[in-house]
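Notes for the structure review
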Amino acid sequence: MFLNHLKIALRSLIRHKSYTVINVLGLSLGISCGLLIFLLVKFHLSFDTYHAKADRICRIVTELHFDEVGHTPGVPNPMANALKTDFPQLEKVAMIKSFDSELISVLGEGNSATKKFQEEDVISFAEPDFFKILDFTWLKGNPTTALSEPNTVVLTRKYATKYFGSANPIGKVIRLNNRADFKVTGILDDIAPNTHYRCQVYCSYPTLKTYLSDADGPGLDKWGGINSSTHCLLVLPVAYSKDQLTKLLPAFSTKYLQPEEAKSFRFWLQPLSDIHFNDDYNGTINKPLLLSLALVGLFLIVTACINFVNLATAKALKRSKEVGVRKVLGSTQTQLFRQFMTETGLITVLSVLLAIGVAQLALPYLNGWLKLDLRLQPFSDWQLLLFLPLLTLVVILLSGSYPALILSGFKPVMALKGKVSSQQIGGISLRRGLIILQFSISLLLIIGTIVVTSQTEYAKNADWGFNKEAIVTMPIPLPEVNKLQTLRNRMIGVPGVEKISMNYRAPASNSNNTSSFVFDTRTKEEVIQINTKPADDQYLETFGLKLVAGRNIIQSDTIREFLVNETFLKKLHLASPNEAIGKNLRLWGVTAPIVGVIKDFHLYSFRGEIPVTCVMSSAEAYSNCSVKINLAHASETIKALEKIWNNTYPDNVFEYKFLDEHIAEFYAMDEVMLKLIRSFSFIAIFISCLGLYGLVSFMAETRIKEIGIRKVLGATVSNIILLFSKEFAQLILIAFVIAAPIAWWVMNQWLQDFEYRIAMEPWIFVIAMGSTLLVAALTVGYQSIKAATANPVKSLRTE
């Protein structure tokens, strides 16, 4: 019986080629989007779930209570030792400190460097128990002893090959930042991509104290400072909840912190499963965004199913006699239902197969946007093996049940006489409702696209308060005063170089330092933290920062004077710059006068407000050389700068970046979101237009005689086209009325994440509505013209 249904289904689909192609195309596009979103959601939900103790692993994090509540994943350096002493019931506790940019030299005979690599975000110092908390696969070395001794290092297989090729890396030596040598004592298998901790080079934690001996900030045995790159992980005992330990942490803080610090720093436990999704603590993606992506995938599949229903019911009138003949010859309603469901199943299976191919073709682009390595493996991924059949079954039921029920329910006498009416196949009101739903979804995505585009462009083109064009930034390995002066003197003579500044970081940077401070004659530290920008006297001119009062700092290698920003005045409730200029500021143990007020500039992305900021000279803190160049001969200028830099720092690797590239990193995630929403909007509109085509076809089928009569009575082609256009303009208008308030609420919520944002202007909705009407008009046009130009005599003779 099934084979018979399958043969008939194949004949029917081949006979109605356009119907088959439109359905397969619509369903395959919707399903392929669903597949890609499934892979993305699955990847993010799998983060750190593979660790054996994942449900008991937590990270100690710090909640900062100053003028506003802030958050950092960092903790004071002695945290792990104190936890081990005070809470011996904890199964494991370990510290890990990461570095964002360090030089690795591979040493050969005579301890000379044979290769050099400037590594970004791959180096950490970790305690041995770190490898007993998280699960790593060891290829060589002993997990217990590999990092127990100073000056030892463990590499991943990928980086061992990078540094030593095919040679055995055990016993080989690498040098870190020209400060310390490390012997390789272990090799790890490559780190899984779905983990938050994915450094590639793990140095022994005992070496950190000597490695940081000349660094700024408190020592490893002091509680006074917190660095966001210093983390503490622990494993809770079985049957011991995180809430039990959290309740004990306030007393723990009081014991080790000074009274003022205990008020400002509050520790709590963050489950390992929360790290990836928590924006407050540098998470990668939040769960609402992930849920939104899943809903978009669902909407696209539902939209494609709606198309199928529309097209199937549009064809129902043509197939009414076929149903009548079959029933007269003995077919039951159940047999006919199975027959039509077999057709739906065949179309769906073809669509799924095509969708897999489309998804495979689109996956490299998605991976490129997201910088991931998602893979579509339908025969080895058990979750995908479960998802695909389930999705196929759901699509068959959603798409085929209603049309099959309607078609199989025709009465044979009425069907053979051609007396089946549009009401008997569901009526046009149902199809109108489905079209409204489709276009509501499309309008939601279009409005979302416009809002995200506008906000991203606003961030790109807005005044950041400083000049970000044509500025090259180069890291400085060691802030030695003599070398810095030599570097400046040689670079300023390069043709095309306009300004040079030595500083800690550019005005806007992903790396910022904050500190407590005392203003004027006040005895206590302020409740707010100040963002420190160590820089020379050329900082303002190089970056185009504006003074609103006072003067620039004088040239000095140590802190002599301070500049503060306008937000400093606001936060300290100072009515004018004169109330700040001339007053002393005590910072880093140094007291110096404020000599100028800078116009506010953005330090972070537009998501956060401008913080209290100061600029002061401090050569020992400089880690960046910023050069403003003439772009007319940028290539030659940078080559000359590289030569000078290499002569000054021959043991290091030259690197540079344009400042606008750094700033682009602030809204990189928004750019990715924009690409995704644009793609999904285009696909949603395309699928909706296929559905619209189906409804036009249905209307043309059911109103043949009406159109013929109208033409006989004098209606022109334009009158007939207007008749169809009015119908669909009303549907889109209703869809707009439904979608607009929902889109306004959703996108307004999204914009709340930005301290500086665009307004939801009426033009956004006008453009969305206008573009949708235009696309719909083009879609309706073909069938409308075809119906309007048909011979009325032939139409009126049709029974």
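This text follows the structure it describes.
Residues numbered from 1 in each chain as written. Predicted model: local features only at pLDDT ≥ 70, side-chain atom pairs only at ≥ 80, totals over all residues. Heavy atoms only, no water.

Residues V451 and F466 are the most contacted members of the largest nonpolar core, which totals 114 residues. No other element matches helix α2 (residues 17-45), which puts 15 residues into this core. Apart from residues lying up to four places away in sequence, F466 is in contact with P507, A508, F543, G544, L545, F601, H602, L659 and I663. Membership of the second largest hydrophobic core comes to 51 residues, among which are A82, L90, L176 and F182. (Core = buried A, V, L, I, M, F, W, Y, C linked by side-chain atoms within 4.5 Å. Buried < 20%, exposed > 50% of the residue type's maximum accessible area, 1.4 Å probe, protein only. Helix = DSSP H or I, 4+ residues; strand = E, 2+ residues; numbered from the N terminus. Contact = heavy atoms within 4.5 Å.)

For the coordinates displayed, the defined rule picks out 35 aromatic pairs. For the ring pair F466 and F601, a centre distance of 6.4 Å and an interplane angle of 85° mean the geometry is edge-to-face. In this pair, F466 sits in the loop between α16 (427-461) and β12 (471-475) while F601 sits in the loop between β20 (590-598) and β21 (613-616), placing the two residues 135 residues apart along the sequence. For the residue pair F466 and F601, the accessibility class agrees, reading buried in each case. Between F517 and F568 the ring centres are 5.9 Å apart and the planes differ by 35°, which places this aromatic pair in the tilted class. Of the two residues, F517 is situated in the loop between β14 (513-515) and β15 (518-519) and F568 in helix α19 (residues 566-571); the sequence distance between them amounts to 51 residues. Residue F517 shares its accessibility class with F568, and that shared class is buried. Aromatic rings pair up to connect Y458, W464, F466, F601, F606, F666 and Y756 into one cluster. Sitting over the ring of F277, K287 keeps its end group 5.0 Å from the ring centre. (Phe/Tyr/Trp six-rings, centres within 6.5 Å; stacked < 30°, edge-to-face > 60°. Lys NZ or Arg CZ within 6 Å of the ring centre and 35° of its normal.)

What follows is about the sheet that holds strand β22 (residues 624-629). With antiparallel pairing, 4 strands are arranged side by side in an open sheet as β13-β22-β12-β23. Across the chains shown, the open sheet's two edge strands, defined by having one partner strand only, are β13 (497-503) and β23 (657-658). Those strands touched by helix α17 (residues 481-491) are β12, β13 and β22, and its axis lies near 170° from that of β13. Packed on one face of the sheet, helix α20 (residues 634-648) meets β12, β13, β22 and β23 and runs near 150° to β22. (Pairing = 2+ DSSP bridges. Axes fitted to C-alpha atoms, helices over the stretch in contact; angles between N-to-C directions.)

Further remarks concern the side chain of E526. Summarising the element assignment, E526 is placed in the loop between β15 and β16 (530-534). If near-sequence neighbours (up to four positions away) are discounted, E526 is found in contact with F517, F519 and L572.

Attention now goes to α20. Between the first and last C-alpha of α20 there are 21 Å, a value that for 15 residues agrees with the 21 Å anticipated at 1.5 Å per step. When we look at burial in α20, the residues that qualify are A634, T637, I638, L641, I644, W645 and T648. One face of α20 carries all of its buried residues, which in axial projection span an arc of 125°. Along α20, exposed side chains directed more than 90 degrees from the buried face belong to E636, K639 and K643. Here the buried face of α20 lies against β12, α17, β13, β22 and β23. (Expected span 1.5 Å × (residues − 1). Arc of directions from axis to C-beta.)

With that settled, the discussion passes to a nonpolar patch on the surface. Taken together, I734, I738, I742, W744, W745 and V746 make up a surface patch of nonpolar side chains, about 570 Å² in accessible area. Counting through the fold element by element, V746 comes out in helix α24 (residues 717-751). (Patch = residues over 30% accessible without salt bridge, like charges linked within 9 Å, V, L, I, M, F, W, Y side chains within 5 Å. Areas by Shrake-Rupley, 256 points an atom, 1.4 Å probe, with all protein chains shown as cover. Salt bridge = Lys/Arg side-chain N within 4 Å of Asp/Glu carboxyl O.)

Let us look at the pattern of salt bridges. Scanning the model with the defined rule gives 22 salt bridges in all. K460 is the partner of E457 in a salt bridge, and the nearest nitrogen-oxygen pair spans 3.7 Å. Here E457 pairs with K460, and both are found in helix α16, just 3 residues apart, close to one helical turn. By relative accessible area, which is 33% here, E457 ends up partly exposed. Connected through shared salt-bridge partners, K53, R56 and E91 make up one network.

Further remarks concern the packing of α17 against α20. Where α17 contacts α20, the axes come no closer than 10 Å and their chain directions differ by 155°. Classed by the angle they form, the pair α17 and α20 counts as roughly antiparallel. Considering how the two elements wind past one another, α17 and α20 form a crossing that is right-handed. Every residue of α20 that contacts α17 at K483, L487, R490 and M491 is listed here: L641, I644, W645, N647 and T648. When grouped by side-chain class, the residues that make up the contact of α17 with α20 number 5 nonpolar, 2 polar and 2 charged. (Parallel < 35°, antiparallel > 145°, perpendicular 65-115°, else oblique. Left-handed = near helix turned anticlockwise from the far one by under 90°. Nonpolar A, V, L, I, M, F, W, Y, C, P; charged D, E, K, R; others polar.)

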